[in-house]
Amino acid sequence: MKTRTMKITHFFMDEEKFFETTFKIFNQDALENHWYISCEDGKKKQWSKEPLATIIDFADYKKERFNENLKNDVIRKSQITIFHYFDAKYLPFYRTLVKSHCVILQLWGGDYTAQTLRPSELLGRRSFEECIQPFSKTNAIPSRIARLYYDVKWLLNKSRRSYLQALSEANHVGLELGDFEKHFFNLRINRINGMHIPYSADIRSVLEVEPALPNGNNVLLGNSAALTNSHIDVLELLKEKRTQFAACILPLSYGGNEDVVQSISSFAEKHLPSQHKILNTFLSREEYFEILNSCSIVIMNHTRQQALGNILWAIANCRTLYLNPKGVIFNRLREIGIFAHSTHAIPKNGLQPFSMSQLIANRDALRQFYPEKIDIKASLQEILNTQHATK
């Protein structure tokens, strides 16, 4: 007997690589998919690739009539809507939709943590002093007081509370680190633990072949120019350990504004003049992995859930890994038996490569990070059943 097709509507930000990855995951016979891509105000563009997607300008979500019409269109087409990344700019439409439709929020990159972590927890002290304070109205006061000012401002932000309230109204909130991430950040959300959309599941294909061992002694620091990498806090430590590595590679081609990129670049130039390499232009996949292959140590200094793809690649390919011990990924990896050095240990211990036995043990433990077989339709049906039971 032919199984009934489940109809799903997907909303994305304008990020082509992520869209393509998700399409591969949901391209199943049992699923009928409808795709929407949201662009920043004034940057609406055409989408001519397969699968075809409807392009929406974020400015349109501010219009009540538009949201009502879109809601009706979505409900007509599908049983479930999934937001792959949930930006606050979706809120007017989301509030219209969630009252009468099953909605899933996939918080795939941890970007929501700007709403759950104070700025002083999200960003390192030295990175704040070099990348934010010089360009703000707090530039003439001590950094300790300036950080307190931003924390208080964060606490009083009404839009932050609206965002968190929206999370609690969704039928399911998907997190890359599952229930561990929910409890780590004390999120008040609905979720079904068995539902996991494996955005980084292609890591399994890496585990099926021999690891690409490093061909150099470089350090990879961060995954983007986003301030939450807290690059400068690590560069401050590395300048005292410069004999322990060849070069520090900093990918800064996206994720931060020009002032941030310049601040990080200037700091690296000053303190590691002949031992830094800034990646500030787009590289092909082949070029980027050629650079990664020269790195024996990977340092990701985030407290939020970020750079997970880079971190999983590092573990699968037997790299020594340094993470922020206050971060959710560091603590989740420890829970499943994957060891990472703490960035806080660098001043005392320097850069200490893992033994080969430790690297192999980490790689083997990674196999349990994602389930091998994922029945997305069954998980979606469970969420849909829960939604029907509560209406």
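Only a predicted model underlies this, so the values are computations on that prediction, with no experimental measurement involved.

Engineer: Talk me through the overall build of the protein; I want residue IDs and the actual numbers.
Structural biologist: Tallying secondary structure elements over the protein gives 17 helices and 12 strands in all. Against the 2.2 N^0.38 benchmark of 21 Å for 391 residues, the protein shows a C-alpha radius of gyration of 22 Å, consistent with a compact globule. Taken along the three principal axes of its C-alpha coordinates, the protein extends 65 × 55 × 40 Å. In the protein, buried positions account for 53% of the 391 residues. About 18,900 Å² of surface is accessible on the protein, with carbon and sulfur atoms providing 49% of the total. Averaged over its 49 positive side-chain charges, the protein has a centre that lies 5 Å from the centre of its 41 negative ones.

Engineer: Hey, could you go over the sheet that holds strand β3 (residues 54-57) for me, with residue numbers and the actual values?
Structural biologist: Through backbone hydrogen bonds, the strands of a sheet pair up, either in parallel or in antiparallel fashion. With parallel pairing, the 6 strands of this open sheet are ordered in space as β3-β2-β1-β4-β5-β6. For this open sheet the edge positions go to β3 and β6 (172-175), each flanked by a neighbour on one side alone. With direction set aside, neighbouring strand axes in the sheet form an average angle of 25 degrees. For strand β1 (residues 6-13) and strand β2 (residues 31-39), the ladder comprises 8 bridges, and the chain directions are parallel. For Met13, the partnering residue across the bridge sits in β2 and is Ser38. Against the sheet, helix α2 (residues 64-77) contacts β1, β2, β3 and β4 (80-84), and its axis sits at roughly 160 degrees relative to β2.

Engineer: Describe in detail helix α3 (residues 91-98), supporting the description with residues and values.
Structural biologist: Of all the positions in α3, only Leu91, Phe93, Tyr94, Leu97 and Val98 are classed as buried. The buried residues of α3 occupy one face: seen down the axis, they fall within an arc of 155 degrees. The inward-facing, buried residues of α3 contact β1, α2, β4, β5 (102-107) and α7 (158-169).

Engineer: Talk me through the nonpolar core; I want residue IDs and the actual numbers.
Structural biologist: The nonpolar side chains of a soluble globular protein tend to be buried, and buried together. Ranked by size, the top nonpolar core spans 63 residues in total, and within it Phe11, Phe83, Phe86, Tyr94 and Leu105 carry the most contacts. The dominant element in this core, judged by the number of residues it contributes, is helix α13 (residues 308-316), at 7 residues. Other than its neighbours up to four places away in sequence, Phe83 contacts Phe11, Tyr90, Phe93, Tyr94, Leu97, Val103, Ile104, Leu105 and Gln106. Counting 25 residues, the second-largest nonpolar core is a separate cluster that includes Phe26, Ala53, Tyr199 and Ile376.

Engineer: Give a description of helix α11 (residues 258-271) that names residues and reports values.
Structural biologist: For α11, with 14 residues, the first-to-last C-alpha span of 20 Å sits near the 20 Å given by 1.5 Å per residue. Burial in α11 covers these residues: Val260, Val261, Ser263, Ile264, Ser265, Phe267, Ala268 and His271. Check the buried side of α11 and you find it contacts α5 (125-131), α10 (231-238), β8 (248-251) and β9 (276-279). A distance of 3.1 Å separates the backbone nitrogen of Asp259 from a side-chain oxygen at the start of α11, and that oxygen is part of Asn257.

Engineer: So what's going on with the sheet that holds β9? Which residues, and what values?
Structural biologist: Read across the sheet, 6 strands follow the order β9-β8-β7-β10-β11-β12 without closing on themselves; strand pairing throughout is parallel. Strand pairing shows two members of the sheet lacking a second neighbour, β9 and β12 (341-342), which therefore form its edges. Note that strand β11 (residues 320-323) and β12 share 2 bridges and pair parallel. Residue Tyr322 lies in a different strand from β12, and its bridge partner there is His341.

Engineer: Go over the packing of α10 against α11, please, and point to the residues and values.
Structural biologist: Running from N to C, α10 and α11 point in directions that differ by 0 degrees, and their axes come no closer than 10 Å. As far as their axial angle goes, α11 and α10 are roughly parallel. Here α10 contributes His231, Ile232, Leu235 and Glu236 to the contact with α11, which in turn contributes Ser263, Ile264, Phe267 and Ala268. For the contact of α10 with α11, the residue count by class is 5 nonpolar, 2 polar and 1 charged.

Engineer: Before we move on, can you summarise the environment of Arg367 with the specific residues and values?
Structural biologist: Topologically, Arg367 is positioned in the loop between α16 (356-365) and α17 (376-390). The exposure class assigned to Arg367 is partly exposed, which follows from its relative accessible area of 36%. Distance in space between the C-alpha atoms of Arg367 and Ala316 is 9.1 Å, their sequence separation being 51 residues.

Engineer: Any chance you could break down the packing of α2 against α3 for me, citing the residues and the numbers?
Structural biologist: The N-to-C vectors of α2 and α3 enclose an angle of 50 degrees; their axes lie 9 Å apart at closest approach. Of the possible angle classes, the one that applies to α2 and α3 is oblique. Considering how the two elements wind past one another, α2 and α3 form a crossing that is right-handed. Of the residues in α3, those touching α2 at Asn67, Glu68, Leu70, Lys71, Val74 and Ile75 are Pro92, Phe93, Thr96 and Leu97. Among the residues making up the contact of α2 with α3, the classes are represented as 6 nonpolar, 2 polar and 2 charged.

Engineer: Go over the side chain of Thr343, please, and point to the residues and values.
Structural biologist: Tracing the sequence through the fold places Thr343 in the loop between β12 and α15 (346-349). Of the residues examined, Thr343 reaches a relative accessible area of 2% and is grouped as buried. Not counting residues up to four positions away in its chain, the partners in contact with Thr343 are Leu237, Ile299, Asn301, Tyr322, Leu323, Asn324 and Pro325.

Engineer: Got a sec to walk through the pattern of salt bridges? Specific residues and values, please.
Structural biologist: If you walk through the whole model with that rule in mind, you get 14 salt bridges. With a shortest N-O distance of 2.4 Å, Asp179 and Arg191 are connected by a salt bridge. Separated by 12 residues along the polypeptide, Asp179 in helix α8 (residues 178-184) and Arg191 in the loop between α8 and α9 (203-207) bring together distant segments of the chain. The exposure class of Arg191 is buried, given its relative accessible area of 13%.

Thresholds applied
- Residues numbered from 1 in each chain as written.
- Predicted model: local features only at pLDDT ≥ 70, side-chain atom pairs only at ≥ 80, totals over all residues.
- Heavy atoms only, no water.
- Helix = DSSP H or I, 4+ residues; strand = E, 2+ residues; numbered from the N terminus.
- Rg over C-alpha atoms; globule rule 2.2 N^0.38 Å.
- Buried < 20%, exposed > 50% of the residue type's maximum accessible area, 1.4 Å probe, protein only.
- Areas by Shrake-Rupley, 256 points an atom, 1.4 Å probe, with all protein chains shown as cover.
- Lys, Arg positive; Asp, Glu negative; His and termini not counted.
- Charge placed at Lys NZ, Arg CZ, Asp CG, Glu CD.
- Pairing = 2+ DSSP bridges.
- Axes fitted to C-alpha atoms, helices over the stretch in contact; angles between N-to-C directions.
- Contact = heavy atoms within 4.5 Å.
- Arc of directions from axis to C-beta.
- Core = buried A, V, L, I, M, F, W, Y, C linked by side-chain atoms within 4.5 Å.
- Expected span 1.5 Å × (residues − 1).
- Polar contact = N/O pair within 3.5 Å; in protein donor to acceptor, adjacent residues only side chain to side chain.
- Parallel < 35°, antiparallel > 145°, perpendicular 65-115°, else oblique.
- Nonpolar A, V, L, I, M, F, W, Y, C, P; charged D, E, K, R; others polar.
- Left-handed = near helix turned anticlockwise from the far one by under 90°.
- Salt bridge = Lys/Arg side-chain N within 4 Å of Asp/Glu carboxyl O.

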